[in-house]
Amino acid sequence: MPKPVVLIAEELSPATVDALGPDFEIRNVDGTDRPALLASLADAHAILVRSATKVDAEAIAAAPNLRVVARAGVGLDNVDIKAATSAGVMVVNAPTSNIISAAELTVGHILSLARHIPAAHASLAAGTWKRSAYTGVELYEKTVGIIGLGRIGALITQRLQAFGVQVIAYDPYVTTARAQQLGVELVSLEDLLKRSDFITIHMPKTPETVGMISDDQFALMKPTAFVVNVARGGLIDEDALHRALTSNTIAGAGLDVFVSEPPKDSPLVSLPNVVVTPHLGASTDEAQEKAGVSVAKSVRLALGGELVPDAVNVAGGVIDPYVRPGIPLVEKLGQVFTGLATSPVTSIDVEVHGELADYDVSVLKLAALKGVFTDVVSDQVSYVNAPLIAEQRGVTVRLITDSDSPEYRNVLTIRGAQSEGPAISVSGTLTGPKQIAKLVEINGHDVEVALAEHHVVMVYTDRPGIVAVYGKEFGEAGINIAAMQISREAAGGQALSVLTVDSPVPAEILEHVRSTIDAASLREIDITL
């Protein structure tokens with residue numbers, strides 16, 4: 001039998017090739033040479049790339065035998081995940097390869113700002129000797145605020161504590177117990193901004209976090225404060241940052257990432273109180289080698305027909321066909337679960353009821369955790385790192401199986417406790433020949449609603465006129481209600497409404513509806529389909 005063909009489209013470390021082993025035919029191509037790339041893909045079973053090679057729909061269509069695309073790094077901007085998924089091609093990356101490098105670069109930016117290292121170097125290299133012009137500050141006994149206490153935030157904490165700093169953090173998804181374990185004080189975002197001498201941000205880039213540090217936030221900071229962003233471009237409003245820096249609202253900034261890269265004509269890069277680097281978070285020999293070796297191992301698993309922990313689009317490996325449809329269902333349930341949470345989650349049970357209980361359903365626990373943490377952390381969440389994220393956040397996780405399912409053939413449930421507030425539960429099933437994914441329970445209320453991209457879930461006291469209120473509000477705002485179901489305990493008792501809407505609902509409309517109907521809870525839940 002001929003060996004599977006593994007195409008290496010960019011320069012990777014020798015350790016990457018060694019990790020692949022002797023079971024494959026290794027071929028090399030310049031991934032930036034488009035005609036050569038497309039020709040080489042014709043009989044390739046796997047392709048390994050970094051950031052320069054574009055594996056788009058055209059490339060995937062040119063590779064009828066392709067089974068896995070491996071990105072030796074974290075970002076996947078150069079891979080068309082949707083096209084790969086449609087073609088049944090697995091996409092893997094190396095989500096943990098650069099976390100130490102990113103943490104160390106963050107510390108480097110903090111030290112550079114504190115001691116004016118880049119400016120002092122440039123001055124001396126230009127032939128001047130201006131010691132007094134570059135008097136800095138010590139880190140000792142300063143307060144460092146970390147926005148986003150995930151894996152990178154935890155690594156930064158460990159490193160900075162050696163300097164004798166006080167670390168405070170804002171992260172709505174981290175428990176107090178986890179923060180105490182790290183020696184960190186959890187505070188509100190406003191408190192962090194007011195107290196910190198250095199602020200570093202490590203949040204996921206979502207519609208809610210884009211521009212989360214803007215004029216109002218800079219106004220809260222000390223005039224001696226420095227802000228650092230090596231996470232995602234756009235988390236800091238760059239125009240507002242420029243205003244803060246040029247008006248001496250804050251002392252300086254360290255930036256490794258930008259809204260547009262490279263940042264052409266950006267006034268930030270030439271400011272004297274700014275330290276900039278060209279997106280170097282993962283640019284170390286060690287990170288590159290870790291990334292290459294990691295994806296090489298994933299390629300071996302994928303081409304061997306085994307579970308691939310770092311698959312970002314589909315679960316790989318030997319999974320029974322009867323179990324496979326439950327993977328995307330339980331991942332969506334995880335997103336619903338997170339949307340319902342009001343405080344950090346402390347425990348999660350993934351329950352499998354029905355015929356599925358007779359199969360190996362361990363992948364469903366991984367998929368559930370992936371869904372739960374997708375919109376919580378800044379890192380790419382995969383089947384391998386989701387349990388680690390749970391562990392690092394002090395979340396206990398159990399998989400519970402039960403062959404009894406009286407109402408449906410199979411029901412998947414995610415149930416969890418919060419640090420504050422009531423427990424959360426959400427259940428789903430697949431129905432009919434087309435295996436339609438449906439919500440069948442939310443916090444003890446029986447429903448049957450097809451999962452869609454946008455839902456609104458509200459809890460209120462049952463009484464006449466409620467539907468008319470939100471129907472009028474949404475209608476006047478041009479928001480179409482595609483489906484609706486109401487579940488209630490009894491007439492006049494607590495009721496839960498689940499709406500399916502065709503577009504997101506502005507926050508001010510949600511708040512107006514909530515206050516008008518005196519809802520105990522009203523949440524919009526967005527799902528990645």
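Small disclaimer: the values here were computed from a predicted structure and weren't measured.

Some remarks on the overall build of the protein chain
Argument step 1. When you go through the protein chain residue by residue, the secondary structure sums to 17 helices and 22 strands.
Argument step 2. Here the protein chain has a C-alpha radius of gyration of 25 Å; the compact-globule value for 529 residues is 24 Å, and the two agree.
Argument step 3. Across the 529 residues that make up the protein chain, the buried fraction comes to 51%.
Argument step 4. Across the protein chain, every contact between residues at least 6 apart in sequence was considered, and the portion connecting residues at least 24 apart equals 63%.
Argument step 5. Summed over all atoms, the accessible surface of the protein chain reaches about 23600 Å², with 52% contributed by carbon and sulfur.
Argument step 6. Here the protein chain contributes 40 positively and 62 negatively charged side chains, and the mean placements of these two sets differ by 3 Å.

Observations concerning the sheet that holds strand β2 (residues 25–28)
Argument step 1. If you trace the five strands from one edge of the open sheet to the other, you get β2-β1-β3-β4-β5, paired in parallel fashion. Here the strands that pair on one side only, and so sit at the sheet edges, are β2 and β5 (90–92). When the angles between neighbouring strand axes are averaged without regard to direction, this sheet yields 20°.

Some words on a nonpolar patch on the surface
Argument step 1. A contiguous nonpolar surface patch, about 230 Å² in accessible area, is contributed by V467, M484 and I486.
Argument step 2. Its place among the elements puts M484 in strand β20 (residues 481–488).
Argument step 3. Given a relative accessible area of 42%, M484 falls into the partly exposed group.

Some points on a negative patch on the surface
Argument step 1. A contiguous patch of negative charge on the surface is contributed by E104, D285, E286 and E289.
Argument step 2. At three residues, the largest contribution of residues to the negative patch is made by helix α12 (residues 285–303).
Argument step 3. Mapped onto the elements of the fold, E104 is located in helix α5 (residues 99–115).
Argument step 4. Relative accessible area serves as the criterion here: at 46%, E104 is assigned to the partly exposed category.

Some points on the pattern of salt bridges
Argument step 1. According to the stated counting rule, one finds 19 salt bridges in the structure shown.
Argument step 2. Ionic pairing is found between K370 and E331, a salt bridge with its closest N-O pair at 3.1 Å. Separated by 39 residues along the polypeptide, K370 in helix α14 (residues 362–373) and E331 in helix α13 (residues 326–340) bring together distant segments of the chain.
Argument step 3. We note a salt bridge from E511 to R514, for which the minimum N-O separation is 2.8 Å.

Here's the deal with the UniProt feature "domain: ACT" (unreviewed entry) in the protein chain
Argument step 1. UniProt records the feature "domain: ACT" (unreviewed entry) for residues 455–529 in the present numbering.
Argument step 2. End C-alpha atoms of residues 455–529 are separated by 12 Å, and the span's content is 29% helix alongside 39% strand.

A closer look at the side chain of S196
Argument step 1. With respect to the helices and strands, the residue S196 is situated in the loop between α9 (189–195) and β9 (198–201).
Argument step 2. A polar atom in the side chain of S196 sits 2.7 Å from the backbone oxygen of L192.
Argument step 3. Once you skip the residues sitting within four places of it in the chain, S196 turns out to touch T143, V144, G145, I168, K222 and A225.

Observations concerning the sheet that holds strand β13 (residues 345–354)
Argument step 1. Taken in spatial order, the six strands line up as β14-β13-β15-β16-β17-β18 in an open sheet, and their pairing is mixed. Pairing within the sheet leaves two strands with one partner each, and these edge strands are β14 (396–402) and β18 (445–450). With strand direction ignored, the average angle separating the axes of adjacent strands in the sheet is 20°.
Argument step 2. Two strands pair when backbone bridges link them, and β13 and β14 are joined in this way by seven bridges, in the parallel orientation. Bridged to V352 within β14 is T401.
Argument step 3. Strands in contact with α13 are β13, β15 (410–418), β16 (424–431) and β17 (436–442); relative to β16, the strand with the most contacts, it is inclined by about 150°.
Argument step 4. Its contacts with the sheet place α14 against β13, β14 and β15, and it is angled at close to 140° to β13.

Details of the side chain of T338
Argument step 1. For T338, the location among the structural elements is in helix α13.
Argument step 2. In terms of polar contacts, T338 uses its side chain to reach the backbone carbonyl oxygen of V372, at 2.5 Å.
Argument step 3. Those residues in contact with T338, other than ones at most four positions away along the chain, are Y173, G371, V372, V376 and R523.

Focus on the pairing of strand β11 (residues 252–255)
Argument step 1. Here β11 shows two buried faces, one formed by G252 and G254 and the other by A253 and L255.
Argument step 2. Pairing analysis gives four bridges linking strand β10 (residues 226–229) to β11, with the strands arranged parallel. By the bridge assignment for β11, N229 is matched with L255.
Argument step 3. In this view, the connection linking β10 to its parallel neighbour β11 by way of helix α11 (residues 238–246) has right-handed handedness.

Here we look at the packing of α13 against α14
Argument step 1. Interhelical geometry of α13 versus α14 gives an angle of 35° and a closest axis separation of 7 Å. The chirality of how α13 crosses α14 is right-handed. Between α13 and α14, the contacting residues are G326, I327, V330, E331, G334, Q335, F337 and T338 on the first element and V363, L364, A367, A368, K370, G371 and V372 on the second.
Argument step 2. Here the residues of the contact of α13 with α14 sort into eight nonpolar, five polar and two charged.

Things to note about unusual backbone geometry
Argument step 1. For the bond from E261 to P262, the omega torsion is -5°, close enough to zero to count as cis.
Argument step 2. Along the chain, P262 turns up in the loop between β11 and β12 (274–276).
Argument step 3. Of note, H116 is a non-glycine position whose phi angle comes to about 55°, a positive value.
Argument step 4. Of note, H116 is situated in the loop between α5 and α6 (117–125).
Argument step 5. Here N443, not a glycine, exhibits a phi torsion of approximately 50°, which is positive.

What to know about the environment of S266
Argument step 1. Mapped onto the fold, S266 is located in the loop between β11 and β12.
Argument step 2. Judged by its relative accessible area of 14%, S266 falls in the buried class.
Argument step 3. A sequence separation of 24 residues divides S266 from H242, and the C-alpha atoms of the two residues are 9.6 Å apart.

Things to note about the environment of S298
Argument step 1. Tracing the chain through its elements places S298 in helix α12.
Argument step 2. Judged by relative accessible area, which is 3%, S298 ranks as buried.
Argument step 3. The sequence separation of S298 and V92 amounts to 206 residues, and the corresponding C-alpha distance is 7.1 Å.

Overview of the packing of aromatic side chains
Argument step 1. Using the criterion set out here, one finds three aromatic pairs in the structure.
Argument step 2. Consider the rings of F198 and F226, whose centres lie 5.2 Å apart with planes at 15°: the pair is stacked. With F198 in strand β9 and F226 in strand β10, this pair connects stretches of sequence that are 28 residues apart.
Argument step 3. Residue F198 is classed as buried on the basis of its relative accessible area of 2%.
Argument step 4. The buried category is assigned to F226, whose relative accessible area is 10%.
Argument step 5. Geometrically, the ring pair formed by Y322 and Y359 is tilted, given 5.2 Å between the ring centres and 40° between the ring planes. Of the two residues, Y322 is situated in the loop between α12 and α13 and Y359 in the loop between β13 and α14; the sequence distance between them amounts to 37 residues.
Argument step 6. Residue classification places Y322 among the partly exposed residues on the basis of a relative accessible area of 29%.

The rules behind each value
- Residues numbered from 1 in each chain as written.
- Predicted model: local features only at pLDDT ≥ 70, side-chain atom pairs only at ≥ 80, totals over all residues.
- Heavy atoms only, no water.
- Helix = DSSP H or I, 4+ residues; strand = E, 2+ residues; numbered from the N terminus.
- Rg over C-alpha atoms; globule rule 2.2 N^0.38 Å.
- Buried < 20%, exposed > 50% of the residue type's maximum accessible area, 1.4 Å probe, protein only.
- Contact = heavy atoms within 4.5 Å.
- Areas by Shrake-Rupley, 256 points an atom, 1.4 Å probe, with all protein chains shown as cover.
- Lys, Arg positive; Asp, Glu negative; His and termini not counted.
- Charge placed at Lys NZ, Arg CZ, Asp CG, Glu CD.
- Pairing = 2+ DSSP bridges.
- Axes fitted to C-alpha atoms, helices over the stretch in contact; angles between N-to-C directions.
- Patch = residues over 30% accessible without salt bridge, like charges linked within 9 Å, V, L, I, M, F, W, Y side chains within 5 Å.
- Salt bridge = Lys/Arg side-chain N within 4 Å of Asp/Glu carboxyl O.
- UniProt positions renumbered as here; feature names shortened; annotations may be inferred.
- Polar contact = N/O pair within 3.5 Å; in protein donor to acceptor, adjacent residues only side chain to side chain.
- Right-handed = clockwise from strand over helix to strand, strands pointing away.
- Left-handed = near helix turned anticlockwise from the far one by under 90°.
- Nonpolar A, V, L, I, M, F, W, Y, C, P; charged D, E, K, R; others polar.
- Phe/Tyr/Trp six-rings, centres within 6.5 Å; stacked < 30°, edge-to-face > 60°.

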